Amino acid sequence: MTLEWPCPSPDRCGATEYAFGYRTGRAACVLIVPALFEEMNRTRRMLVETIRALDTHGIDAMLPDLPGCNESLADFSAQSLDSWRVAMARAAAHFGTTHVLALRGGALVAPDLPGWALEPAKGAGLLRQLLRARTIAAREAGREERLEDLLALGRSEGLELAGYRCGAALIAGLEAGLPAPHLAPMTLSEIGGAALWLRSEPGEDAAQSAALAARLAAEIGA
Amino acid sequence: MTVTGNDDAIDGTLRRVLGDVLGLSPAHTATITPDTGLFGTLPELDSMAVAGLLTEIEDRLNIVIDDDEVDGELLENYGNLLAFVTAKRVAG
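Residues numbered from 1 in each chain as written. Chains lettered and ligands numbered in written order. Predicted model: local features only at pLDDT ≥ 70, side-chain atom pairs only at ≥ 80, totals over all residues. Heavy atoms only, no water.

A.B. asks: Please give an account of the domain arrangement of chain A that cites residues and values.
C.D. replies: Residue and element names in this part refer to chain A. Domain annotation for chain A reports domain 1 (2–121 + 180–220) and domain 2 (123–178). Taking only C-alpha atoms into account, the centre of domain 1 sits 25 Å from that of domain 2. Taken together, the contacts link 17 residues of domain 1 with 14 residues of domain 2. Carbon and sulfur atoms supply 71% of the area buried between domain 1 and domain 2, which totals about 1,200 Å² over both sides. (Domains from an automatic or database assignment. Contact = heavy atoms within 4.5 Å. Buried area = accessible area lost by both parts, 1.4 Å probe.)

Below you can see the structure in the form of structure tokens.
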């Protein structure tokens, strides 16, 4: 089900954001922090299936929208890793979550709860991939764009990357961003299945989501 | 995953990355030949997918691909990509 949570932000005073999941008052509730940028879209099915599988283990889970992403009406270009970190902490407090599961770049903005980071990504790696996509697209269109020039522009004025209008604060945050150290890293080889965040067309793998949920349930002890 | 400089191991890793990006089964990736076209042939390989592909190849094979080296020829077909990556591994 889709639930609302209050997320006041500088650009949308008193606004609410959406979250998908189950909050039925059970003892354990996992806040799921999605991957960033295109990887978020590619893994939405994976995370929604994981939430459904956690439900069968008697565990609540919530997947909030990052402001500016998915159903959010907030301005993407006003976001930064800090604004997303604050938003996820608000969602955690609102839903009373007990644990956190962060996927890939989600580990950069995860709140201070015990939990896990599945294949955590460094901000610099995500930024490099976005910049590379832009230079490849430019080259295809017969233009040469240099990575260093783009980065300098991004640091001072912000930059459109793969359709995302990234503000200067987001670029700076990505350059320095590291996965939250309090989360236990988890590799995909422990869960099984393919890296769906790489998939050019979004896919899903019910067995993978079931295995991930079973692993979390075992660790939580539910 | 540790990969040796062995050409077969590089070929296997490269096929797995392509399989992950394109959503292909191992049986399907086994049918890829040096002449199999990539960027410009496969519509699902857009600039974002290629960027992900190259970054994942770097991570799994522990190499660095300079942006100057990424051109149409490199990604024209599987054989070109494999030859490039193999040379990188040997040089590294």
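Next comes the rest of the write-up.
A.B. asks: Now, about the packing of aromatic side chains: what can you tell me, with residues and values included?
C.D. replies: Residue and element names in this part refer to chain A. The tally for this structure, following the rule as stated, stands at five aromatic pairs over all chains. Between the aromatic rings of Phe37 and Tyr164, the centroid separation amounts to 5.3 Å while the plane-to-plane angle is 80°, which identifies the pairing as edge-to-face. One end of the pair, Phe37, is in the loop between strand 3 (29–33) and helix 1 (38–42); the other, Tyr164, is in strand 8 (residues 164–166), and 127 residues separate them in sequence. Ring pairing ties together the aromatic residues Phe37, Phe76, Trp84 and Tyr164, which thus form one cluster. (Phe/Tyr/Trp six-rings, centres within 6.5 Å; stacked < 30°, edge-to-face > 60°. Helix = DSSP H or I, 4+ residues; strand = E, 2+ residues; numbered from the N terminus.)

A.B. asks: Give a description of the interface of chain A and chain B that names residues and reports values.
C.D. replies: Taken together, the contact between chain A and chain B spans 20 residues of the former and 24 residues of the latter. Carbon and sulfur atoms make up 57% of the surface buried where chain A meets chain B, a total of about 1,800 Å² over both sides. Counting every contact that joins chain A to chain B gives three salt bridges. Residue A:Arg132 is joined to B:Asp67 by a salt bridge in which the shortest nitrogen-to-oxygen separation is 3.8 Å. Counting across the interface, chain A meets chain B through ten residue pairs in polar contact (both at pLDDT 80 or more). Elements with a minimum of two residues in the side of chain A that touches chain B: helix 1 and helix 4 (123–140) of chain A. Counting residues per element, the side of chain A that touches chain B draws most heavily on helix 4 of chain A, at ten residues. In the side of chain A that touches chain B, the residues fall into nine nonpolar, three polar and eight charged. (Salt bridge = Lys/Arg side-chain N within 4 Å of Asp/Glu carboxyl O. Polar contact = N/O pair within 3.5 Å; in protein donor to acceptor, adjacent residues only side chain to side chain. Nonpolar A, V, L, I, M, F, W, Y, C, P; charged D, E, K, R; others polar.)

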